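# Per-entry structural report
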Amino acid sequence: MEKKRCAVVTGGNKGIGFEICRQLASNGIEVILTARNESRGIEAVKKLHDSGLPNILFHQLDINDPQSIASLAKFIETNFKKLDILINNAALIGIIMHEKEFKAGAGFVQVLDENVHLLAELSNSPRIVNVTSTYGELSYLHNEKLKEELRDMKNVTEERIEEIIQWFLRDFKASKLQENGWPLTVSAYKAVLNAYTRLLAKKFPNFIINCVHPGYVETDMTIQTGFIKVEEGARAPVMAALLPDDDPSGVYFQQMEITPF
């Protein structure tokens, strides 16, 4: 018999991440719920077990700690032999970013680097879903040259993405964000996340790799001011994780619909 598909969900102990885990498990996926706080992660898994979903387990993950990321990759390889789905849901909190927070936002790249070989070599249907937001849309960038570069992506490489991050940090330190066309919100990180999603989709054509805005969801992240419940918000990331093999890769889903970047 074919082994069940295995998924990792970052930031899975509450909010959208918790609900994504629940919906994936309800679809028969073996789910590894990850969280930085071990006690909260274990508590979240217990709740899901008590609700009748035994196919979920916990592993600690701090996306800013290379050892923690490597430990998760080793755990997956030892216990599951493969990884089919990676949902990057861990996000930044805050309106005005600090340098440390922006660097932490690139942690999802490390998660991918450590786990991508498990997806590439051992899965028949590799999927990566990066949870983003409308703030990552290019309309929020006022640097027209950079906006055009990220729109066509012809010359964008991993090195160029790193340059963009460093460029942002320099302007942040010099208090020149507005002057040089950067947004003053977390959207700068989300725009880079979206660009990296498209880059990965080109690099791994046998994967399906997309970014998804789940909607303005009622969670701690939105201080419970969202317009939709977590059950609705989780639908789009789960849909993207379960897309059939002939569906598009390198696109942006505004909830359930494909939308221009």
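What counts, and where the lines are drawn
Residues numbered from 1 in each chain as written. Predicted model: local features only at pLDDT ≥ 70, side-chain atom pairs only at ≥ 80, totals over all residues. Heavy atoms only, no water. UniProt positions renumbered as here; feature names shortened; annotations may be inferred. Pairing = 2+ DSSP bridges. Helix = DSSP H or I, 4+ residues; strand = E, 2+ residues; numbered from the N terminus. Right-handed = clockwise from strand over helix to strand, strands pointing away. 1 Å grid on protein atoms, 1.4 Å probe; cavity = no way out; pocket = protein on both sides within 12 Å on 5 of 7 lines; lining within 4 Å. Points joined across faces, edges and corners; volume = space filled by probe spheres on them. Nonpolar A, V, L, I, M, F, W, Y, C, P; charged D, E, K, R; others polar. Salt bridge = Lys/Arg side-chain N within 4 Å of Asp/Glu carboxyl O. Phe/Tyr/Trp six-rings, centres within 6.5 Å; stacked < 30°, edge-to-face > 60°. Buried < 20%, exposed > 50% of the residue type's maximum accessible area, 1.4 Å probe, protein only. Lys NZ or Arg CZ within 6 Å of the ring centre and 35° of its normal. Core = buried A, V, L, I, M, F, W, Y, C linked by side-chain atoms within 4.5 Å. Contact = heavy atoms within 4.5 Å. Polar contact = N/O pair within 3.5 Å; in protein donor to acceptor, adjacent residues only side chain to side chain.

The name given to the protein chain in an unreviewed UniProt entry is Glucose/ribitol dehydrogenase, and the organism recorded there is Lactuca virosa. UniProt lists a comment for the protein chain under the heading Sequence similarities (unreviewed entry), and it reads "Belongs to the short-chain dehydrogenases/reductases (SDR) family."

Attention shifts here to the pairing of strand β3 (residues 56-60). Judged from the five bridges that link them, strand β2 (residues 30-35) and β3 form a sheet pairing that is parallel. In the strand pairing of β3, Thr34 is matched with His59. For the segment spanning β2, helix α2 (residues 38-50) and β3, crossover handedness is right-handed.

We now examine empty space enclosed by the protein. Take a probe with the size of a water molecule and roll it over the atoms, and the empty space left behind shows itself. Within this structure, the stated rule accounts for three cavities of 30 Å³ or more. By volume, the second largest cavity amounts to about 50 Å³. In terms of residues, the lining of the second largest cavity owes the most to one element, helix α8 (residues 187-203), which gives four residues. By residue class, the composition of the lining of the second largest cavity is five nonpolar, two polar and one charged.

Under the criterion given, the structure shown has 10 salt bridges. A salt bridge links Glu163 to Arg160; the shortest N-O distance between them is 3.1 Å. Within this pair, Glu163 and its partner Arg160 are both found in helix α7 (residues 158-173), separated by three residues, close to a single helical turn. Ionic contacts of the salt-bridge type, sharing partners, join the residues Glu149, Arg160 and Glu163 into one network.

Okay, the packing of aromatic side chains next. Describing an aromatic ring pair means giving the distance of the ring centres and the angle of the ring planes. Counted under the stated rule, the structure contains six aromatic pairs. With 6.4 Å between their ring centres and 65° between their planes, Phe75 and Phe80 make a pair best called edge-to-face. Exposure remark for Phe75: the relative accessible area of 22% places this residue in the partly exposed category. Linked through ring pairs, Trp167, Phe168, Phe172 and Trp182 together constitute an aromatic cluster. Between the NZ or CZ atom of Arg198 and the centre of the ring of Phe261, over which it lies, the distance is 4.3 Å.

The next point concerns the nonpolar core. Ranked by internal contacts, the top residues of the largest apolar core, which has 36 residues, are Leu150 and Ile161. At the level of elements, β1 (6-9), α3 (66-79), α6 (144-152), α7 and α8 are the ones that each hand at least two residues to this core. A total of seven residues in this core trace back to one element, the largest contributor, which is α8. The contact partners of Leu150, leaving out residues within four places of it in the chain, are Leu138, Leu141, Val156, Ile164, Ala195 and Arg198. Residues Ile20, Val131, Ile208 and Ile228 belong to the second largest nonpolar core, which totals 35 residues.

Relative to the helices and strands, Ser123 resides in the loop between α5 (107-122) and β5 (127-131). A polar contact is formed between the side chain of Ser123 and the side chain of Asp84, at a distance of 2.6 Å.

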